[in-house]
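# Secondary and tertiary structure notes
Spelled out from the first residue to the last, the chains are:
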Amino acid sequence: MATTSKTSTKDASKKPTGLTGKMEDSEFHKFFVDELKDIYWAEKHLVKALPKMKKAATSTELASAFEKHALETQEHITKLEEVFALVEEKASAKKCDAMEGLLSEADGIIEDTEKGTMVRDAGLILAAQKVEHYEIATYGTLKTFAENMGHSDVVAILEQILENEKATDVALTQVAESFVNEQASQE
Ligand SMILES: [Fe+2]
Ligand SMILES: [Fe+2]
(Lines give C-alpha, C1' and ligand atoms only; values in the text may rest on other atoms or scores of the structure.)
(Ligands and ions follow the chains in the order given, each with its own letter.)
Protein backbone atom coordinates (compact mmCIF):
# COMPACT_ATOMS: atom_id res chain seq x y z
CA MET A 1 0.00 0.00 0.00
CA ALA A 2 1.39 3.33 -1.02
CA THR A 3 1.38 5.81 1.74
CA THR A 4 1.95 9.44 1.08
CA SER A 5 3.67 10.32 4.26
CA LYS A 6 3.64 14.05 4.46
CA THR A 7 5.81 14.58 7.46
CA SER A 8 6.17 18.24 6.62
CA THR A 9 9.85 18.16 5.91
CA LYS A 10 10.83 21.77 5.74
CA ASP A 11 13.77 20.80 3.60
CA ALA A 12 14.22 23.79 1.33
CA SER A 13 17.31 22.31 -0.28
CA LYS A 14 15.13 20.01 -2.40
CA LYS A 15 14.02 22.91 -4.61
CA PRO A 16 17.13 24.73 -5.58
CA THR A 17 16.18 25.92 -9.06
CA GLY A 18 15.10 29.49 -9.45
CA LEU A 19 14.51 30.05 -5.78
CA THR A 20 16.84 31.87 -3.53
CA GLY A 21 14.41 31.85 -0.62
CA LYS A 22 13.54 28.84 1.49
CA MET A 23 9.91 29.60 1.79
CA GLU A 24 8.12 27.11 -0.43
CA ASP A 25 6.34 25.53 2.51
CA SER A 26 5.58 28.75 4.35
CA GLU A 27 2.14 30.27 4.80
CA PHE A 28 3.39 33.41 3.12
CA HIS A 29 4.41 31.47 0.02
CA LYS A 30 1.02 29.75 -0.08
CA PHE A 31 -0.73 33.09 0.26
CA PHE A 32 1.43 34.54 -2.53
CA VAL A 33 0.53 31.64 -4.83
CA ASP A 34 -3.16 32.05 -3.98
CA GLU A 35 -3.02 35.70 -4.94
CA LEU A 36 -1.20 34.79 -8.16
CA LYS A 37 -4.13 32.50 -8.99
CA ASP A 38 -6.52 35.37 -8.32
CA ILE A 39 -4.79 37.81 -10.68
CA TYR A 40 -4.34 35.01 -13.26
CA TRP A 41 -8.14 34.56 -13.27
CA ALA A 42 -8.53 38.36 -13.50
CA GLU A 43 -6.22 38.67 -16.53
CA LYS A 44 -7.86 35.74 -18.30
CA HIS A 45 -11.27 37.37 -17.97
CA LEU A 46 -10.04 40.83 -18.82
CA VAL A 47 -8.52 39.57 -22.07
CA LYS A 48 -12.02 38.43 -23.09
CA ALA A 49 -13.70 41.66 -22.00
CA LEU A 50 -11.36 44.10 -23.75
CA PRO A 51 -12.48 43.25 -27.32
CA LYS A 52 -16.05 43.91 -26.20
CA MET A 53 -14.99 47.26 -24.75
CA LYS A 54 -13.14 48.03 -27.97
CA LYS A 55 -16.28 47.32 -29.98
CA ALA A 56 -18.35 49.53 -27.71
CA ALA A 57 -15.96 52.51 -27.90
CA THR A 58 -16.96 55.58 -29.91
CA SER A 59 -13.53 57.03 -30.72
CA THR A 60 -10.86 55.23 -32.71
CA GLU A 61 -8.31 56.42 -30.14
CA LEU A 62 -10.03 54.56 -27.31
CA ALA A 63 -10.73 51.53 -29.48
CA SER A 64 -7.05 51.24 -30.36
CA ALA A 65 -6.02 51.73 -26.71
CA PHE A 66 -8.23 48.76 -25.81
CA GLU A 67 -6.89 46.71 -28.71
CA LYS A 68 -3.31 47.41 -27.64
CA HIS A 69 -4.04 46.49 -24.05
CA ALA A 70 -5.78 43.27 -25.06
CA LEU A 71 -2.49 42.16 -26.64
CA GLU A 72 -0.55 43.28 -23.58
CA THR A 73 -2.98 41.47 -21.29
CA GLN A 74 -2.30 38.29 -23.23
CA GLU A 75 1.39 38.89 -22.48
CA HIS A 76 0.58 39.35 -18.80
CA ILE A 77 -1.04 35.91 -18.81
CA THR A 78 2.09 34.41 -20.37
CA LYS A 79 4.32 36.20 -17.87
CA LEU A 80 2.20 34.95 -14.96
CA GLU A 81 2.64 31.42 -16.28
CA GLU A 82 6.41 32.04 -16.16
CA VAL A 83 6.03 33.15 -12.53
CA PHE A 84 4.10 29.99 -11.66
CA ALA A 85 6.88 27.94 -13.27
CA LEU A 86 9.57 29.82 -11.34
CA VAL A 87 7.89 29.12 -8.01
CA GLU A 88 7.28 25.55 -9.13
CA GLU A 89 3.52 25.73 -8.94
CA LYS A 90 0.94 24.71 -11.53
CA ALA A 91 -0.63 27.71 -13.26
CA SER A 92 -4.24 27.72 -12.20
CA ALA A 93 -6.93 30.34 -11.88
CA LYS A 94 -9.02 31.10 -8.83
CA LYS A 95 -12.09 33.25 -9.24
CA CYS A 96 -11.38 36.91 -8.62
CA ASP A 97 -14.55 38.53 -7.25
CA ALA A 98 -13.11 42.01 -7.66
CA MET A 99 -12.41 41.63 -11.39
CA GLU A 100 -15.78 39.98 -11.92
CA GLY A 101 -17.39 43.02 -10.30
CA LEU A 102 -15.31 45.53 -12.25
CA LEU A 103 -16.11 43.84 -15.55
CA SER A 104 -19.81 43.70 -14.78
CA GLU A 105 -19.60 47.41 -13.97
CA ALA A 106 -18.07 47.95 -17.42
CA ASP A 107 -20.99 46.01 -18.94
CA GLY A 108 -23.38 48.22 -17.00
CA ILE A 109 -21.72 51.36 -18.37
CA ILE A 110 -22.13 50.06 -21.92
CA GLU A 111 -25.81 49.37 -21.24
CA ASP A 112 -26.40 52.74 -19.63
CA THR A 113 -24.71 54.91 -22.26
CA GLU A 114 -25.67 55.56 -25.84
CA LYS A 115 -23.68 54.05 -28.66
CA GLY A 116 -21.68 56.61 -30.63
CA THR A 117 -21.41 59.14 -27.80
CA MET A 118 -18.40 60.52 -25.96
CA VAL A 119 -20.22 59.93 -22.68
CA ARG A 120 -19.89 56.25 -23.61
CA ASP A 121 -16.12 56.67 -24.01
CA ALA A 122 -15.79 58.67 -20.80
CA GLY A 123 -17.59 55.84 -19.00
CA LEU A 124 -15.50 53.14 -20.62
CA ILE A 125 -12.32 54.95 -19.60
CA LEU A 126 -13.61 55.15 -16.03
CA ALA A 127 -14.32 51.42 -16.03
CA ALA A 128 -10.95 50.57 -17.59
CA GLN A 129 -9.03 52.77 -15.16
CA LYS A 130 -10.70 51.05 -12.22
CA VAL A 131 -9.43 47.77 -13.67
CA GLU A 132 -5.91 49.14 -14.18
CA HIS A 133 -5.79 50.49 -10.63
CA TYR A 134 -6.84 47.12 -9.30
CA GLU A 135 -4.05 45.52 -11.29
CA ILE A 136 -1.53 48.15 -10.19
CA ALA A 137 -2.39 47.52 -6.52
CA THR A 138 -2.15 43.77 -7.00
CA TYR A 139 1.14 43.69 -8.90
CA GLY A 140 2.68 46.31 -6.62
CA THR A 141 1.93 44.17 -3.57
CA LEU A 142 2.87 40.86 -5.19
CA LYS A 143 6.16 42.35 -6.29
CA THR A 144 6.89 43.43 -2.74
CA PHE A 145 5.97 39.95 -1.46
CA ALA A 146 8.35 38.39 -3.98
CA GLU A 147 11.10 40.76 -2.85
CA ASN A 148 10.53 39.70 0.73
CA MET A 149 10.77 36.06 -0.24
CA GLY A 150 13.93 36.65 -2.23
CA HIS A 151 12.45 35.62 -5.60
CA SER A 152 14.41 38.14 -7.63
CA ASP A 153 13.51 36.61 -11.00
CA VAL A 154 9.84 36.77 -10.07
CA VAL A 155 10.24 40.38 -8.94
CA ALA A 156 11.60 41.31 -12.37
CA ILE A 157 8.61 39.80 -14.20
CA LEU A 158 6.03 41.36 -11.88
CA GLU A 159 7.78 44.70 -12.26
CA GLN A 160 7.43 44.49 -16.07
CA ILE A 161 3.71 43.82 -15.80
CA LEU A 162 3.29 46.58 -13.19
CA GLU A 163 5.00 49.14 -15.43
CA ASN A 164 2.76 48.16 -18.34
CA GLU A 165 -0.38 48.58 -16.22
CA LYS A 166 0.81 52.01 -15.10
CA ALA A 167 1.55 53.03 -18.70
CA THR A 168 -1.93 51.88 -19.72
CA ASP A 169 -3.49 53.98 -16.98
CA VAL A 170 -1.52 57.04 -18.19
CA ALA A 171 -2.54 56.37 -21.82
CA LEU A 172 -6.21 56.21 -20.81
CA THR A 173 -5.90 59.50 -18.92
CA GLN A 174 -4.42 61.07 -22.04
CA VAL A 175 -7.34 59.92 -24.20
CA ALA A 176 -9.81 61.23 -21.59
CA GLU A 177 -8.12 64.58 -21.15
CA SER A 178 -7.19 65.26 -24.77
CA PHE A 179 -10.75 65.26 -26.11
CA VAL A 180 -13.16 62.69 -24.65
CA ASN A 181 -14.18 64.50 -21.45
CA GLU A 182 -14.51 67.85 -23.18
CA GLN A 183 -16.70 66.48 -25.97
CA ALA A 184 -18.72 64.44 -23.47
CA SER A 185 -19.44 67.59 -21.49
CA GLN A 186 -21.01 69.13 -24.61
CA GLU A 187 -23.35 66.24 -25.35
FE1 LIG B 1 -2.79 43.02 -16.83
FE1 LIG C 1 -4.22 46.01 -17.43
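Residues numbered from 1 in each chain as written. Chains lettered and ligands numbered in written order. Predicted model: local features only at pLDDT ≥ 70, side-chain atom pairs only at ≥ 80, totals over all residues. Heavy atoms only, no water.

Quick look at the coordination of the iron ion (ligand 2) now. Within the first shell, the iron ion (ligand 2) binds the protein through His 69 (NE2), Glu 132 (OE), Glu 132 (OE), Glu 135 (OE) and Glu 165 (OE), at distances of 2.0 to 2.5 Å. All donors of the iron ion (ligand 2) belong to a single chain; written as a sequence motif, their spacing is H-x62-E-x2-E-x29-E. The distance between the iron ion (ligand 2) and the iron ion (ligand 1) is 3.4 Å, with Glu 135 acting as a donor to both metals. Taken together, the residues His 69 in helix H2 (residues 60-86) and Glu 132 in helix H4 (residues 118-149) connect sequence positions 63 residues apart. Of the residues examined, Glu 132 reaches a relative accessible area of 3% and is grouped as buried. (Donors = N, O, S within 2.8 Å, 3.2 Å for Na, K, Ca; no water. Helix = DSSP H or I, 4+ residues; strand = E, 2+ residues; numbered from the N terminus. Buried < 20%, exposed > 50% of the residue type's maximum accessible area, 1.4 Å probe, protein only.)

Quick look at the coordination of the iron ion (ligand 1) now. Four donors placed tetrahedrally around a metal ideally meet at 109.5 degrees, and six donors placed octahedrally ideally meet at 90 or 180 degrees. Protein coordination of the iron ion (ligand 1) is provided by Glu 43 (OE), Glu 43 (OE), His 76 (ND1), Glu 135 (OE) and Glu 165 (OE), with donor distances spanning 2.1 to 2.4 Å. In this structure His 76 comes out as buried when scored by relative accessible area, which is 2%.

Attention now moves to the side chain of Glu 43. Relative to the assigned elements, Glu 43 resides in helix H1 (residues 27-56). Nearest to the buried, unbridged Glu 43 among oppositely charged side chains is Lys 79, at 11 Å. Every residue in contact with Glu 43, bar those within four places of it in the chain, is listed here: Thr 73, His 76, Ile 77, Leu 80, Glu 135, Tyr 139, Ile 161 and Glu 165. (Lys, Arg positive; Asp, Glu negative; His and termini not counted. Salt bridge = Lys/Arg side-chain N within 4 Å of Asp/Glu carboxyl O. Contact = heavy atoms within 4.5 Å.)

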